[in-house]
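# Observations on the model geometry
Take a look at the letters that make up each chain.
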Amino acid sequence: MAFHIIRNDITKVSADAIVNTANPKPKYVSGTDYAIYMAAGADELLKERQKIGDLEIGQVAVTPAFALNAKYIIHTVGPAWIDGEHGEREAVRSCYENSLRLAKELGCESIAFPLIATGVYGFPKADALQIAVSVFSEFLTDTDMEIILVVFDEASFVLSGKIFSGVDEFIDENFVSEKMDSEYSLGASVATSAYGNILPDEKRRGRRLLSDALHLPGRKDSARAESIKADTPGEELFDEEECAAEPMMAVSMAMAGADKAGRSLDDLMANVSETWQESLFRLIDEKGYTDTEVYKRANVDRKLFSKIRSNAEYQPKKITAVAFALALKLSLDETKDLLGRAGYALSPSSRFDLIIEYFIGQEVYDTYTINLALFEHKQPLLGE
């Protein structure tokens, strides 16, 4: 089980338990509380809630879920925001912790939360988000449960703080400039996939990289060749036919190189290096981590991890491969190597890849934290 963020109406989410930001008294007035009563069946739910009576801030109680697609509704009372100096953050943390504890006692395998107290109670959304993710991360270190954080609209999801402040700037600096140099992208991708990592300051010079790596001929005439050597900003674009031929040229030259070295295809196949799975488990041993802490940090469940362990030829999704690289706290070069063994690379023209590269550069490896940034930028989330 793992942690997921979705944008939805919590009354439409399927989970064993739905958490309600409840009124301290057995009544419903507005916000999430009102929506849950309406969706579940207000009369029936109110009768059950009246049996419980008043609830204190941070306290939790459970009722049947009635018409919701769930077994239980866990009611918890959040604090009204004053100024942050009256124990509001501690109270919200208690709401999350006590709800999870009760869900575990009830035998729930999944639970869906709203951002507690961020509606009419006025709790700052960014603070609530950070508290929620912190509690979820701690809880999932020793408990298997699917936790779903349900965000109703984009305005409810705002990232702040030093850890996130550089993400947009990093994307702008790399993604925008890469798009401006997109005429070089095909050559760079061929060179990278065939020959491993390319030096960062070379990565946008696709044609030159390819010719350097493979010793291919230069441009069609000497004047254009001199333009490449001079590395001038006014380099001409390749024509489409020339670009389209380059992957085949790369393959041909690589095969020719093998022939000159006196190695057959069988020789090359006999020297294939580690698979992604073999490299993963070697790194786990070298780093001194346990299997459990790695798959939990990667935000994947035990069943998937067991499947990976039993199959040396396992082919992960890219998001899974990246999640394990983060769980192992690999450097950028180590990450690229591990991804390469699964047939993937980090591209400066991908926002997902740039966000991953940014956090590795900041030495931030927490999957839940990174998923917040990915979610905000509408990118796939890490883990499975």
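For every chain, the first residue of the written sequence is number 1, and numbering continues from 1 along that sequence. Confidence filtering applies because this is a predicted model: local features only for residues at pLDDT of at least 70, side-chain atom pairs given and counted only at 80 or more, and all residues used for totals across whole chains, interfaces and linings. Hydrogens are left out, water is left out, and the side-chain values use all remaining heavy atoms of the structure.

Turning our attention to the sheet that holds strand β6 (residues 146–151). Overall, mixed pairing links the six strands, which are arranged β1-β6-β5-β2-β4-β3 in an open sheet. Strands at the two margins of the open sheet, each flanked by one partner only, are β1 (3–7) and β3 (60–64). Shown here is a sheet whose adjacent strand axes are inclined to one another by a mean of 25°, direction ignored. Where strand β5 (residues 110–113) meets β6, four bridges bridge the pair, whose relative direction is parallel. Following the sheet pairing, Ser 110 is matched in β6 by Glu 146. What makes two residues a contact is simply this: any of their non-hydrogen atoms within 4.5 Å. Lines fitted to the C-alpha atoms define the axes, with helices restricted to the stretch that makes contact. Angles between their N-to-C directions range from 0 to 180 degrees. Each helix is a run of H or I in the DSSP string that is no shorter than four residues. Each strand is a run of E no shorter than two, and both are numbered from the N terminus. Along the sheet, helix α1 (residues 31–40) contacts β2 (17–21) and β4 (72–76); its crossing angle with β2, the most-contacted strand, is approximately 135°. When DSSP finds two or more bridges between two strands, those strands count as paired.

We now examine the packing of aromatic side chains. Pairing of aromatic side chains here covers Phe, Tyr and the six-membered ring of Trp, requires ring centres within 6.5 Å, and sorts the geometry by plane angle: under 30 degrees stacked, over 60 edge-to-face, intermediate tilted. Following the criterion strictly, the structure yields 14 aromatic pairs and no others. With 5.3 Å between their ring centres and 50° between their planes, Tyr 96 and Phe 113 make a pair best called tilted. Of this pair, Tyr 96 sits in helix α3 (residues 88–105) while Phe 113 sits in strand β5, placing them 17 residues apart in sequence. Here the two residues Tyr 96 and Phe 113 agree in accessibility, since each one is buried. For every residue, the accessible area obtained with a 1.4 Å probe (protein chains only) is divided by the maximum for its type, and the residue is called buried under 20%, exposed over 50%, and partly exposed between those limits.

Nonpolar cores were defined as sets of buried Ala, Val, Leu, Ile, Met, Phe, Trp, Tyr and Cys residues, with membership established by side-chain atoms within 4.5 Å. If you look at the biggest cluster of nonpolar residues, it comprises 78 residues, and the most contacted ones within it are Tyr 96, Ile 111, Phe 113 and Phe 324. Setting aside anything within four residues of it in sequence, one finds Tyr 96 in contact with Phe 113, Pro 114, Leu 115, Ile 116, Ala 128, Ile 131, Ala 132, Val 135 and Phe 136. With 15 residues, the next largest nonpolar core counts Val 13, Ala 65, Ile 148 and Val 150 among its residues.

Once that is clear, we can look at helix α17 (residues 351–361). The element α17 is largely enclosed, with a buried count of nine among its 11 residues. Residues of α17 that are buried include every one of Phe 352, Asp 353, Leu 354, Ile 355, Ile 356, Glu 357, Tyr 358, Phe 359 and Ile 360, and no others. Directly beyond the C-terminal end of α17, a positive phi value near 60° is found at Glu 363.

Our next topic: the side chain of Gln 277. Relative to the assigned elements, Gln 277 resides in helix α12 (residues 276–287). The term polar contact refers here to a pair of N or O atoms within 3.5 Å; inside protein, the definition further demands a hydrogen-donor-capable atom paired with an acceptor-capable atom, and it admits residues adjacent in sequence only when both atoms are side-chain atoms. At a separation of 3.2 Å, a polar atom in the side chain of Gln 277 contacts the main-chain carbonyl oxygen of Ile 308. Gln 277 has contacts with Ile 308, Arg 309, Asn 311 and Ala 312, leaving out every residue within four places of it along the chain.

Here we come to the pattern of salt bridges. Salt bridges are defined as contacts in which a side-chain nitrogen from Lys or Arg sits within 4 Å of a carboxyl oxygen from Asp or Glu. Applying the stated rule across the entire model yields 15 salt bridges. Asp 144 is the salt-bridge partner of Lys 296, the closest N and O atoms lying 3.0 Å from each other. With Lys 296 in helix α13 (residues 291–297) and Asp 144 in the loop between α4 (125–140) and β6, the pair connects residues that are 152 residues apart, well separated along the chain. Overall, the relative accessible area of 13% leaves Lys 296 in the buried class. With relative accessibility at 32%, the residue Asp 144 sits in the partly exposed group. A salt bridge links Lys 318 to Asp 353, with the shortest nitrogen-to-oxygen separation between them at 2.8 Å. With a gap of 35 residues between them, Lys 318 in helix α15 (residues 318–327) and Asp 353 in helix α17 connect regions that are remote in the sequence. By sharing partners, the salt bridges in this structure join Arg 93, Glu 97 and Glu 138 into a single network.

On to the side chain of Thr 76, then. For Thr 76, the position within the fold is in strand β4. In this structure the side chain of Thr 76 is engaged in a polar contact, spanning 3.2 Å, whose partner is the backbone oxygen of Gln 59.

Here the focus is the confidence of the model for the protein chain. The pLDDT averaged across the protein chain works out to 79; a share of 71% of its residues lies at or above 70. One confidence number per residue, pLDDT, is output by the predictor and ranges from 0 to 100. A low-confidence stretch, residues 182–251 (pLDDT under 50), is modelled with 81 contacts involving residues beyond four sequence positions or located in other chains. A low-confidence stretch, residues 253–261 (pLDDT under 50), is modelled with five contacts involving residues beyond four sequence positions or located in other chains.

Attention now moves to α12. Under the 1.5 Å per step criterion, the end-to-end length of α12 is 16 Å for 12 residues, consistent within 8% with the ideal 16 Å. Among the residues of α12, Trp 276, Gln 277, Ser 279, Leu 280, Phe 281, Leu 283 and Ile 284 are the ones counted as buried. Looking at the buried residues of α12, the elements they touch are α13, α14 (302–309), α15 and α16 (332–340). At the exit of α12 stands Gly 288, carrying a positive phi of roughly 75°. Every helix has an expected span of 1.5 Å times one less than the residues it contains.

The next subject is the packing of α1 against helix α2 (residues 42–52). The interhelical angle for the contact between α1 and α2, taken along N-to-C directions, is 115°, at an axis separation of 6 Å. Residues Ile 36, Tyr 37, Met 38 and Ala 40 of α1 form the contact with α2, whose own contacting residues are Ala 42, Leu 45, Leu 46 and Arg 49. Residues belonging to the contact of α1 with α2 are distributed by class as follows: seven nonpolar, no polar and one charged. Residues were grouped as follows: Ala, Val, Leu, Ile, Met, Phe, Trp, Tyr, Cys and Pro as nonpolar; Asp, Glu, Lys and Arg as charged; and all remaining residues, including Gly, as polar.

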